[in-house]
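Listed below, chain by chain, are the residues.
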Amino acid sequence: MTSGGATSLRSVGGGATSLRSGGGGATSLRSAGFGAALLVVLVLPPCTRALESQLLLQQLVQVPLLALSGWAMGRRLADFNPHWNADGLPGLIVAVGVASFWMLPRAMDAALASLPFEIAKLASLPLGVGIPLALSWPRASSLVRTFLLANAISMAALVGWLYLAAPLRVCNFYLRDDQEWTGIALLSLSAVVALSCALRCFLGDPSREALAPARLPTGHRVD
Amino acid sequence: MSANRVATAIALVASTLLGVLATDGLRAFTTEGARRLDIAARPRALPVVRLEPASGETLASDALHGRVVLVDFIYTHCAAVCPLLSERFGELQSALRERGLEGQVELLSVSFDPARDTASRLAEYGIHVSADPALWRLARVPDPTELEVWLRSFGITVIPDGRGGFEHNAAIHVVDGRGRLVAVFDLERGRDALDAALAEPRG
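Here, residues in each chain are numbered from 1, in the same order as that chain's written sequence. Note on labels: chains are lettered from A, ligands numbered from 1, in written order. The model is predicted, so local features are restricted to residues of pLDDT at least 70 and side-chain atom pairs to those at 80 or more, both for listing and for counting; the totals for chains, interfaces and linings are taken over all residues. Side-chain metrics rest on all non-hydrogen atoms present in the structure, leaving aside hydrogens and water.

Visitor: Before we move on, can you summarise the nonpolar core with the specific residues and values?
Guide: Side-chain atoms within 4.5 Å are what join buried Ala, Val, Leu, Ile, Met, Phe, Trp, Tyr and Cys residues into a set we call a nonpolar core. Relative accessibility decides the category of a residue: with a 1.4 Å probe and only protein chains considered, values under 20% of the type maximum give buried, values over 50% give exposed, and everything between is partly exposed. In terms of nonpolar packing, the biggest core is built from 56 residues, with B:Leu51, B:Leu70, B:Phe73, B:Leu108, B:Trp150, B:Phe154 and B:Val174 touching the most fellow members. Only heavy atoms enter the contact rule, under which two residues are in contact if any of them lie within 4.5 Å. Here B:Leu70 is in contact with B:Phe89, B:Leu92, B:Val105, B:Glu106, B:Leu107, B:Leu108, B:Ile172, B:His173, B:Val174, B:Ala193, B:Leu194 and B:Ala197, once residues within four sequence places are set aside. Among the nonpolar cores identified, the runner-up in size contains 17 residues, and A:Leu51, A:Ala95, A:Trp102 and A:Ala107 belong to it.

Visitor: So what about the sheet that holds strand β2 (residues 50-53) of chain B? Which residues, and what values?
Guide: Residues and elements named next belong to chain B. Taken in spatial order, the eight strands line up as β1-β10-β9-β4-β5-β6-β2-β3 in an open sheet, and their pairing is mixed. Whereas interior strands pair on both sides, the edge strands pair on one side only; in this sheet they are β1 (44-45) and β3 (59-60). Paired strands, in this sense, are two strands between which DSSP finds at least two bridges. Secondary structure elements follow DSSP: runs of H or I no shorter than four residues count as helices, runs of E no shorter than two count as strands, and numbering proceeds from the N terminus. In this sheet, strand β10 (residues 180-185) lies alongside strand β9 (residues 172-175) in antiparallel orientation, the contact comprising four bridges. Counterpart to Ile172 in the pairing with β10 is Phe185. Across the sheet, helix α4 (residues 119-128) lies against β2, β4 (68-74), β5 (105-111) and β6 (136-140), angled at about 150° from β6, the strand it touches most. What counts as an axis is a line fitted to C-alpha atoms, over the stretch in contact for a helix, and the angles between N-to-C directions run from 0 to 180 degrees.

Visitor: I'd like a description of the interface of chain B and chain A, backed by residues and values.
Guide: With 28 residues of chain B at the contact, the number on the chain A side is 26 residues. Counting each side, the surface lost to burial between chain B and chain A is near 2,200 Å², with a carbon and sulfur contribution of 61%. Defined in terms of a 1.4 Å probe, buried area is the accessible area two parts forfeit on being brought together, summed over both. The three residues of chain B that bury the most area against chain A are B:Asn4, B:Thr31 and B:Glu167, which together make up 24% of that side's buried surface. In the sections that follow, a salt bridge refers to a side-chain nitrogen of Lys or Arg positioned within 4 Å of a carboxyl oxygen of Asp or Glu. Across the pair A:Asp177 and B:Arg163 runs a salt bridge whose closest N-O atoms are separated by 3.4 Å. Secondary-structure elements contributing two or more residues to the side of chain B that touches chain A are α1 (3-22), α2 (31-41), β7 (158-160) and β8 (166-168) of chain B. Take the side of chain B that touches chain A: its biggest share by element is ten residues, from α1(B). A breakdown of the residues in the side of chain B that touches chain A according to their chemical character gives 13 nonpolar, ten polar and five charged. Each residue gets one label: Ala, Val, Leu, Ile, Met, Phe, Trp, Tyr, Cys and Pro are nonpolar, Asp, Glu, Lys and Arg are charged, and the others, such as Gly, are polar.

Visitor: Let's hear about the packing of aromatic side chains: which residues, and what values?
Guide: Aromatic pairs are defined between Phe, Tyr and Trp rings, using the six-membered ring for Trp, whenever the two ring centres lie within 6.5 Å; interplanar angles under 30 degrees are classed as stacked, those over 60 as edge-to-face, and all others as tilted. The final tally for this structure, using the stated rule, is eight aromatic pairs over all chains. Between A:Phe101 and A:Trp102, the aromatic rings sit 4.8 Å apart at their centres with planes inclined by 85°, giving edge-to-face as the arrangement. For A:Trp102, a relative accessible area of 3% translates into the label buried. On the numbers, 5.5 Å between centres and 50° between planes, the contact of B:Tyr75 with B:Phe112 is tilted. A residue pair is termed long-range when its members are at least 10 positions apart, and B:Tyr75 in the loop between β4 and α3 (82-98) and B:Phe112 in the loop between β5 and α4 qualify at 37 residues. Accessibility classification places B:Tyr75 together with B:Phe112 in one group, the buried group.

Visitor: Lay out the environment of A:Ala113 with the relevant residues and their values.
Guide: Within the secondary structure layout, A:Ala113 lies in helix α7 (residues 105-113). Distance in space between the C-alpha atoms of A:Ala113 and A:Arg139 is 38 Å, their sequence separation being 26 residues.

Visitor: Describe the pairing of β2(B), listing the residues and the values that go with them.
Guide: All names here are of chain B. Across two bridges, β2 lies against β3 in antiparallel orientation. Looking at the pairing, Arg50 lines up with Ala60 of β3. Two successive antiparallel strands, β2 and β3, enclose a turn made up of five residues, where Gly56 displays a positive phi of approximately 110°. In terms of strand pairing, β2 meets β6 through two bridges, oriented antiparallel.

Note that every value here comes from positions in space, so none of it alone points to a role or purpose.
As structure tokens, this is what we get:
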């Protein structure tokens, strides 16, 4: 594919430019520094111990922060634009694949039971989720982004429901109560994100000019 | 085909492969599921440990060879899942008695809390759950290292619950007449565990 094709594909993703604005500049350097510092803190043994002591902290703090550290570092690479990732799909599929792997209860158990798995987790969440997301999300079309977001919301709700409905513990290393709290947290999170998306869809994005049902002429009022 | 399409296809195949490999072909999503699949595919020879039953005199676990043993892991202070396990073992005990299977199939409840579960405490618990010593043995593994080795061989994870108790895998384990762990069943599948036990060779 020519670079011209890549550019036109990229322009399909409407708000992409705002995410890419830091590429190469001082902002992206600060962002990369923040990401690297965050990762260093997250891999410290006292930090992994604390965050992995509970399923809730592990799923809703440790995993997202590890991905965030990669994302922040990846912004520095935003100008690295291989033509094979022009539409962002390869990178997004890798990110979804790696993130899904670490949602498997047996993978979470394995990270606690064996050091190689733990190292794999601490490395693959920034490298395999955060960085590919930073490189690929800005290039993805709004259709792809909406699809991913909708799936993430329903997946969080499904996992939350499973945690609440499972007759036994899902993870060998986490307590039943902890699992239930995590289930409630995931269901709440997906509800909040879904609601805010719905509000944005129906009430319009306040950042855009075109919204404002309030500006309808008063003559159209039906009450 | 563009490089972008090729990369997308490769990423899709790789992600799918990762998912399939990580779940034993979409069959096991949890450690417990993986343990059961592994045991069914590759029966585990169990190491010999010293057991101290409620009756007091210790015996080596290989003294149980020659009959099929259904094993569960409990602690007597348990208020959550162990009473359910013991209820199922009580039903299995009645089934063994009705079908005249004494000497062919035996029930064994192993405590993983040897500090609190002394032989006399186990004897009390046995009376509480109406365990008949001829059919259903309650025992502790007095040596902590041997207990650790046995738990690891079975694949049992015990974690403290922060309130003086434990959480642990709750299942019915089928050990054949040669001392090999051959199958694991949900506690609600006691009948199937018994059928599996009867299908196993005893010698």
